[in-house]
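The residues making up each chain are set out below.
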Amino acid sequence: MRHDHLLSAGQLTREDIEAVLDRAAELDADPDAAAGRYDDTLLALCFFEPSTRTKMSFDTAMKRLGGDTVDMGTVESSSVKKGESLADTVRVIEGYADGIVLRHPSEGAAKLASQFVDVPVVNAGDGAGQHPSQTLLDLYTMRERAGLDDLTVGIMGDLKYGRTVHSLASALTEFDARMHFVSPESLRLPRSVQFDLHDAGARLREHTDLDEVLPELDVLYVTRIQRERFPDENEYQKVAGQYRIDAETLEAARDDLTVMHPLPRVDEIAPDVDDSEYAAYFAQAHNGVPVRMALLDGLLAGDGAADDPVATDGGGR
Amino acid sequence: MSEPERELRVSKIRDGTVIDHITGGQALNVLAILGIDGDEGVGVSIGMNVPSDKLGTKDVVKVEDRELSQGEVDVLSLLAPEATVNIVREFEVVDKKRVERPERVVGLLTCPNHNCITNADEPVESAFGVVDDGVRCEFCGEIVREDIGDHLAVH
């Protein structure tokens, strides 16, 4: 990877993405392929917001690469609680670790952090902004299930605040996918994201009703509509109810549809979908480890080797 | 520039800034983008929709005892691309600043996205890239097209 940091999906070319996915496939097949290369490497996990999958999979990925992690812990137990700025926090942590994985509730936090440190920063979610490492594992899952060529992808739910959606849509433009965005009017894609998609020449349409597009889709990417986005409970129930899917909903879909979800889900995908051929969301979560191993392998490889993260010679460091 | 005094309708100033050739009707927005609302106590003269050979009609703003910085002039360009800025001392024009559309504006605007990290007491200046019809926060991506003057940082 040519970049020092992974801040947004928009910085990734198709070649960048494919290099990570190819490396991830190698590591998936042989998790020991990179063992020992990172014996002395420490990755800092700085999560200013709760996380299960992202944090644990980065933790697992670093350890499977032979390195180790240091964890900032929760905000409540850290000096952030004392009013320390993010800039100060990351400058201190830079002294402890070889890379920083950052999740933060404010948009632009990872970008800011990257300006204050010399170690690689991975944006693991910045408010309603971006979540590019999630996108890499999403694309890995899509590639395994449906391939990445000539894709028609439906993305449904909270498109306004959904950072996984913003990153995924951006990356899908690199593959010239047809995109259908399905959401309530109040949770449409923000105009900054639309701006970038149009700028990239994306083929996209917006809908309020899944039925309009479901039969066309290769992939349906469902996201959670959060209660706190609505002024009152009734409004939330009314809207969220229209964007839930179950086995019956999917009767109108193609047999080879892939249903994905970044998780955690609440009730937007009924449990009766879990055992169907459609469901890919647990496999998707599992893919977080090899994909993040590949990503870290690219970012942490150090001088020179960083240019070629997919080097397969295994010939030392 | 040298219209007869009767057409300019505002008198010369001793010290300060004359912003001429503002797009007709934009004078109040120019003052807004500069954060001038009259409370500062400085003399402000405004001519709106006065005849102009170049623009048909134009606005003119004269601000006494205040010299605009290049940064402020740059931001001005987002609202009044044809504007000319003259710095006046002792009734003489001592500096003419060309208004050029900048590639970025740094530290002059606050991001309207309240959840942007630049609004969180961090030691960074805001930074906006200039896009086709507005500006865009380099941190959170927020695009501002209308009412840019409402987002001038306090300085």
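Shown above is the structure to which this text applies.
These lines cover the structure that appears in this document, whether it is placed above or below. Predicted, not measured: the structure shown is a model, and the values here were computed from it. (Residues numbered from 1 in each chain as written. Chains lettered and ligands numbered in written order. Predicted model: local features only at pLDDT ≥ 70, side-chain atom pairs only at ≥ 80, totals over all residues. Heavy atoms only, no water.)

**Let's talk about the side chain of B:H21**
So, point 1. Position of B:H21 among the secondary structure elements: in strand 1 (residues 16-23).
So, point 2. Looking at B:H21, its side chain comes within polar contact range of the side chain of B:T84, at 3.1 Å. (Helix = DSSP H or I, 4+ residues; strand = E, 2+ residues; numbered from the N terminus. Polar contact = N/O pair within 3.5 Å; in protein donor to acceptor, adjacent residues only side chain to side chain.)

**Some thoughts on the interface of chain B and chain A**
So, point 1. Tallying the contact residues gives 18 residues for chain B and 19 residues for chain A.
So, point 2. The contact between chain B and chain A buries some 1,500 Å² in all, and 53% of this surface belongs to carbon and sulfur atoms.
So, point 3. Summed over the three residues of chain B that lose the most area to chain A, namely B:N115, B:I117 and B:F139, the buried surface amounts to 33% of that side.
So, point 4. Along the contact surface separating chain B from chain A lie one salt bridge.
So, point 5. The interface formed by chain B and chain A contains nine residue pairs in polar contact (both at pLDDT 80 or more).
So, point 6. Here the side of chain B that touches chain A is composed, by residue class, of nine nonpolar, three polar and six charged. (Contact = heavy atoms within 4.5 Å. Buried area = accessible area lost by both parts, 1.4 Å probe. Salt bridge = Lys/Arg side-chain N within 4 Å of Asp/Glu carboxyl O. Nonpolar A, V, L, I, M, F, W, Y, C, P; charged D, E, K, R; others polar.)

**A few points about the sheet that holds strand 8 (residues 134-137) of chain B**
Residues and elements named next belong to chain B.
So, point 1. The four strands lie next to each other as 6-7-8-9, forming an open sheet whose pairing is antiparallel. The open sheet is flanked by strand 6 (104-106) and strand 9 (143-144), the only strands paired with a single partner.
So, point 2. Across two bridges, strand 8 lies against strand 9 in antiparallel orientation. Residue pairing across strands places V135 opposite V144, the latter belonging to strand 9. (Pairing = 2+ DSSP bridges.)

**Quick notes on the nonpolar core**
So, point 1. Formed by 59 residues in total, the largest nonpolar core has its most connected members in A:I100, A:L102 and B:I19.
So, point 2. Beyond its immediate stretch of four places on either side in the chain, A:L102 contacts A:C46, A:F48, A:L86, A:A109, A:A110, A:A113, A:V122, A:N123, A:A124 and A:G125.
So, point 3. In this structure, A:A61, A:M62, A:V153 and A:L300 belong to the second largest nonpolar core, which totals 57 residues. (Core = buried A, V, L, I, M, F, W, Y, C linked by side-chain atoms within 4.5 Å. Buried < 20%, exposed > 50% of the residue type's maximum accessible area, 1.4 Å probe, protein only.)

**Comments concerning the pairing of strand 5 (residues 152-156) of chain A**
Residue and element names in this part refer to chain A.
So, point 1. By the criterion of burial, strand 5 is predominantly enclosed, with five of the five residues buried.
So, point 2. Both faces of strand 5 are covered, namely the face carrying T152, G154 and M156 and the face carrying V153 and I155.
So, point 3. As paired strands, strand 5 and strand 6 (residues 178-182) are joined by five bridges and run parallel to one another. Looking at strand 6, one finds that V153 is bridged to M179.

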